[in-house]
Amino acid sequence: MGIPLVSVIIPCYNAEKYIDICMKSLLNQTLGFENLEVILINDASTDGTLEKLYEYEKQYPDNIMVVNYEENRKQGYARNLGIQYSRAKYVTFLDVDDYVASDMTEKMYRKMEEGNYDYVICNYYRVIHGKPMIMEEDAQEEELCYEINSEEERKKFLVTDTPFKGSCGTFYKREFLVEHNIFYPSDTFYEDLFWLGLLRFYAKKVCVIPDRLYYYVNWDNVSVVTKPNSTHHFERLYVMELFLEEVKKRGLYEKYKWEAEMYFLQLYYINSVSFFAMHFEHCPLQILHKMRETVLEKVPDYASNPYIKNCFPFEQTILKFIELNPKTKEQWDEIFKAIRESVTE
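Scoring rules and cut-offs
As a convention, each chain's residues are numbered from 1 in the sequence order in which they are written. Local features in this predicted model are restricted to residues of pLDDT 70 or higher, and side-chain atom pairs are both shown and tallied only at a pLDDT of 80 or more, whereas totals for entire chains, interfaces and linings draw on every residue. No hydrogens and no water enter the side-chain calculation; it runs on all heavy atoms of the structure. Going along the chain from the N terminus, every DSSP run of H or I of four or more residues is numbered as a helix, and every run of E of two or more is numbered as a strand. Restricting the calculation to C-alpha atoms gives the radius of gyration, and the globule rule supplies 2.2 Å times the number of residues raised to the power 0.38. For the exposure calls, accessible area comes from a 1.4 Å probe over protein chains only, and a residue counts as buried if that area is under 20% of its type's maximum, exposed if over 50%, partly exposed in between. Only heavy atoms enter the contact rule, under which two residues are in contact if any of them lie within 4.5 Å. Expected span, for any helix, means 1.5 Å times one less than how many residues it has. An arc is given here, and it is the one of the directions from the helix axis to the C-beta atoms. Helix axes are fitted to C-alpha atoms over the stretch in contact, other axes to C-alpha atoms as well, and angles between N-to-C directions run from 0 to 180 degrees. By definition in this entry, angles of less than 35 degrees are roughly parallel, angles greater than 145 are roughly antiparallel, angles of 65 to 115 are roughly perpendicular, and the rest are oblique. The nonpolar class holds Ala, Val, Leu, Ile, Met, Phe, Trp, Tyr, Cys and Pro. Asp, Glu, Lys and Arg form the charged class, and all remaining residues, Gly among them, are polar. Cysteine sulfur atoms are paired as a disulfide whenever they come within 2.5 Å of each other. Put simply, a nonpolar core is a bunch of buried Ala, Val, Leu, Ile, Met, Phe, Trp, Tyr and Cys residues held in one set by side-chain atoms that sit within 4.5 Å of each other. Here the aromatic set is Phe, Tyr and Trp, taking the six-membered ring for Trp, and pairing holds for ring centres within 6.5 Å; pairs whose planes are under 30 degrees apart are stacked, those over 60 apart are edge-to-face, and all others are tilted.

Caption draft 1: Looking closely at the overall build of the chain. Within the chain, the secondary structure is distributed over 12 helices and 10 strands. For a compact globule of 345 residues, the expected C-alpha radius of gyration is about 20 Å, and the chain comes in at 21 Å, within 12% of that figure. Among the 345 residues that make up the chain, the fraction classed as buried is 54%. Once local pairs closer than 6 in sequence are excluded, the contacts in the chain between residues at least 24 apart make up 81%.

Shown next as structure tokens:
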């Protein structure tokens, strides 16, 4: 096989019941499976996943590579490894329990070639009980393209709320990722928050297309990310602290202090308080106190951030809890109740 057009990186953990649907969608690509390099990374599966992956590799040795390691390092490590092994001009990530439209790679490849973009994002369907659905918040129907050529344009892009957030359903220029050392944190959930934040500091051309080419599947209507009352959700806080440290380490903080801090405040505090309210039966009191302490330590002048005025009133109210400092479980239970009621209205 020569140099492939696209490298598809698929982390696999205990995926024996999903892999066939995922792979079938790739084998049927209009771009031609012969133009794809599929990198299947077994993340220490304990079921029959590895055997199935080797079967695919044996059947398509020119287009499929299986990488196996025995310690579970989670998706971030697997994706980083996949980038290292990849050979194509463009790379994309596919979760093993999802699938893509038959013309996904062709449309995304053509778009990347047409505009010389650093990355292109497509729209998606959410598959619930086997039925592809369009969620209200994902109803974007127009193409959005961004060119960033100045510091002011970068600042604006850093705080632009682009649709379809996530690592999958996106084509990346491999050279762009390698040149700027864009990577995922390993051994943690919520690695996407770090990756997506880092991308924005370096991208010069980005396009979001309305075509629904990716299918996010909700198996049993519950995913690892949405599983209730699970302490792994607290790892989103760790990831956002890593992100802020990385921005400072790279010398980006001086130019983009307010933008970096707004991303941190949004993901570390505002979104997390709201998320915990929706996914925990009882408030994690110690975690909430620690979140407040961390914000005051790492972003002491957070209240002066000029972008707060652009937040929704609901989000501004959540930020005020840092100053108001509710201390008891009863106070936070009432706050969580109010958040749940506001979301379900």
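Caption draft 2: Representation of helix α11 (residues 313-324) in the model. Helix length check: α11 (12 residues) gives 16 Å between terminal C-alpha atoms against 16 Å at 1.5 Å per residue, within 8%. Of the residues making up α11, those classed as buried are Glu315, Ile318, Leu319, Phe321 and Ile322. For α11, the arc enclosing every buried residue in end-on projection is 130°, short of the 170-degree limit, so these residues lie on one face. Seen from the open side of α11, the exposed residues pointing more than 90 degrees away from its buried face are Pro313, Lys320, Glu323 and Leu324. Directly beyond the C-terminal end of α11, a positive phi value near 55° is found at Asn325.

Caption draft 3: Highlighting the packing of helix α9 (residues 257-279) against helix α10 (residues 285-298). Viewed as axis vectors pointing N to C, α9 and α10 meet at an angle of 170°, and their least axial separation amounts to 11 Å. One finds that α9 runs roughly antiparallel with respect to α10. Contact with α9, carried on its side by Glu261, Phe264, Leu265, Tyr268, Tyr269, Ser272, Val273 and Phe276, involves Ile287, Leu288, Lys290, Met291, Arg292, Thr294, Val295 and Lys298 of α10 and no other residues of that element. In terms of residue class, the contact of α9 with α10 is made up of 10 nonpolar, two polar and four charged.

Caption draft 4: Looking closely at the state of the cysteines. Taken as a whole and judged by the stated rule, the model has one disulfide. A disulfide-free cysteine, Cys12 has its sulfur positioned 7.2 Å from the sulfur of Cys22, the nearest such atom. Overall, the relative accessible area of 1% leaves Cys12 in the buried class. Free of any disulfide, Cys122 has its nearest cysteine sulfur in Cys168, 9.8 Å distant.

Caption draft 5: Examining helix α2 (residues 49-59) more closely. All of the buried residues in α2 are Thr49, Leu50, Lys52, Leu53 and Tyr56. Buried residues in α2, looked at end-on, bunch into an arc of 160°, giving them a common side. Every exposed residue of α2 that faces more than 90 degrees away from the buried side is listed here: Glu55, Lys58 and Gln59. Packing partners of the buried residues in α2 comprise β1 (6-12), α1 (19-27), β2 (36-43) and β3 (64-69).

Caption draft 6: Spatial organisation of the packing of helix α8 (residues 235-249) against α10. Look at α8 against α10: their axes get within 12 Å of each other, and the N-to-C directions meet at 10°. Comparing their axes, α10 and α8 come out roughly parallel. Contacts between α8 and α10 involve Leu237, Glu241, Leu244, Glu245 and Lys248 from the first element and Ile287, Met291, Thr294 and Lys298 from the second. Considered class by class, the residues forming the contact of α8 with α10 number four nonpolar, one polar and four charged.

Caption draft 7: Representation of the nonpolar core within the structure. Ranked by size, the top nonpolar core spans 116 residues in total, and within it Ile10, Met23, Val38, Leu40 and Tyr269 carry the most contacts. Contacts of Tyr269, omitting those with residues within four sequence positions, involve Phe264, Met291, Arg292, Val295, Ile318, Leu319, Phe321, Ile322 and Trp332.

Caption draft 8: A look at the packing of aromatic side chains. This structure, assessed with the given rule, holds 28 aromatic pairs. Centre to centre, the rings of Tyr90 and Tyr109 are 5.7 Å apart; their planes meet at 75°, and the pair counts as edge-to-face. Of the two residues, Tyr90 sits in strand β4 (residues 90-93) while Tyr109 sits in helix α4 (residues 104-115), which places them 19 residues apart along the sequence. We classify Tyr90 as buried; its relative accessible area is 1%. Its relative accessible area of 11% is what places Tyr109 among the buried residues. Both rings, one in Tyr172 and one in Trp195, keep their centres 5.3 Å apart while their planes meet at 85°; by these two values the pair is edge-to-face. Remark: Trp195 occurs in helix α7 (residues 191-199) and Tyr172 occurs in strand β9 (residues 170-173); sequence separation between them is 23 residues. Considered together, Tyr172 and Trp195 belong to a single accessibility category, that of buried residues. Ring pairing ties together the aromatic residues Phe93, Tyr119, Tyr172, Phe176, Tyr184 and Trp195, which thus form one cluster.

By themselves, these figures tell us nothing about what the structure is for.
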